Structure formats: C-alpha cells, structure tokens
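So the chains spell out like this:
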Amino acid sequence: MSLKLLGWGLLAAAVVFGAGWYAGASGRDAIERDRRAALARAEAAEARAFVLAGRVSLFQANFGDASRAFESARDVVARAQTRLRQLGDAGRAGQLEVALAQLREAQRLALALDAGAQGPAEQALRVIESVLT
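Residues numbered from 1 in each chain as written. Predicted model: local features only at pLDDT ≥ 70, side-chain atom pairs only at ≥ 80, totals over all residues. Heavy atoms only, no water.

Together, Leu3, Leu6 and Leu10 make up an exposed nonpolar region whose accessible area comes to about 350 Å². Topologically, leucine 3 is positioned in helix α1 (residues 2-26). (Patch = residues over 30% accessible without salt bridge, like charges linked within 9 Å, V, L, I, M, F, W, Y side chains within 5 Å. Areas by Shrake-Rupley, 256 points an atom, 1.4 Å probe, with all protein chains shown as cover. Salt bridge = Lys/Arg side-chain N within 4 Å of Asp/Glu carboxyl O. Helix = DSSP H or I, 4+ residues; strand = E, 2+ residues; numbered from the N terminus.)

Here you go:
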C-alpha cells in the first residue's frame, strides 16, 4: 500500500510540475514579440534622430556635423538590418539596404559641401520609418 501511495504522489508531483512549466512558458512568446517590436521602434527613433540632426546641420551649413550624423544613422540602420536578418526577416532587411544607400549618398554630398544632401536624407528617413515602425 505504501508503494502505491508513493507512485500516486510522484505522478501528482509530475503533473503539477508540467502544469507549472506550461503556464510559465505560455506568455513568453508574446513578451518576446513585444520586446522585438519595442527594439525596432527604438532603433527607428534613434536613426530618425540622427537623420534629422544631419538635416538641421545642413540647414546651418555645418557639413562636418551633417556627415557625422548620417554616419551614425547608417550605423543604427546597419545594426537593425543585421538584427532583422538574424530573425529571418530578409524582406525588411533588404528594404533597409535602400536606406543605407541613401544615407551613404547624403553623407557623400555633405562631405562635398553640397546642401543637396537633403533629398537623399529625406528618402532614407521615409524608408526607415516605413520599415522599422
């Protein structure tokens, strides 16, 4: 009789453990998805801030600061692109390649002391906002 009682006790403990594990893991996917979305929004905001800072620098004819801001924006977008590729979202990562090309062009124009860097910067900003938000 004691062995039978021990068996039922072990079975009950296993069921309670399994139910607890299942309940603990059930919300993990939603939390991870929300974390990834928040990270994408943060990267978009950071890249947007750098692009806008570069555009303001262009208005002030401070081409060196504009170039540095566009370089910082490129770093953030490249980091976001790498993260998207690691998550298996190659489509959105490929779209960010357009933003990177536009930021390279804006930086090149800023280094050439050309205020025409506004156009590529604006296009990059549109792509960043459409892909990362």
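This is not the end of the story, as more comes after the structure.
Right, let's talk about the pattern of salt bridges for a bit. Taken as a whole and judged by the stated rule, the model has twelve salt bridges. Between glutamate 46 and arginine 79 there is a salt bridge, with its nearest N and O atoms 3.1 Å apart. Of this pair, glutamate 46 sits in helix α2 (residues 28-59) while arginine 79 is found in helix α3 (residues 63-86), placing the two residues 33 residues apart along the sequence. A relative accessible area of 34% means that glutamate 46 is categorised as partly exposed. Connected through salt bridges with shared partners, the residues Glu32, Arg35 and Arg36 form a single ionic network. (Buried < 20%, exposed > 50% of the residue type's maximum accessible area, 1.4 Å probe, protein only.)

Let us now look at the packing of α3 against helix α4 (residues 90-111). Relative orientation of the contacting elements α3 and α4 amounts to 165°, with a least axis distance of 9 Å. Accordingly, the angle class assigned to the pair α3 and α4 is roughly antiparallel. Every pair of crossing elements has a handedness; the one defined by α3 and α4 is left-handed. Tallied by class, residues from the contact of α3 with α4 come to 16 nonpolar, three polar and six charged. (Axes fitted to C-alpha atoms, helices over the stretch in contact; angles between N-to-C directions. Parallel < 35°, antiparallel > 145°, perpendicular 65-115°, else oblique. Left-handed = near helix turned anticlockwise from the far one by under 90°. Nonpolar A, V, L, I, M, F, W, Y, C, P; charged D, E, K, R; others polar.)

Moving on to the nonpolar core. Grouped together as the largest cluster of nonpolar side chains are 28 residues, with contacts concentrated most on Phe70, Val77, Leu103, Ile128 and Leu132. Listing elements by their share of this core, those giving two or more residues are α2, α3, α4 and α5 (118-132). The residues contacting leucine 132, other than those within four sequence positions of it, are Ala40, Arg41, Glu43, Ala44, Ala80, Arg83, Leu84, Arg92 and Leu96. (Core = buried A, V, L, I, M, F, W, Y, C linked by side-chain atoms within 4.5 Å. Contact = heavy atoms within 4.5 Å.)

To continue, consider α3. Between its terminal C-alpha atoms α3 stretches 35 Å, which fits the 34 Å expected from 24 residues at 1.5 Å a residue. Directly after α3, the chain includes glycine 88, whose backbone phi takes a positive value near 85°. (Expected span 1.5 Å × (residues − 1).)

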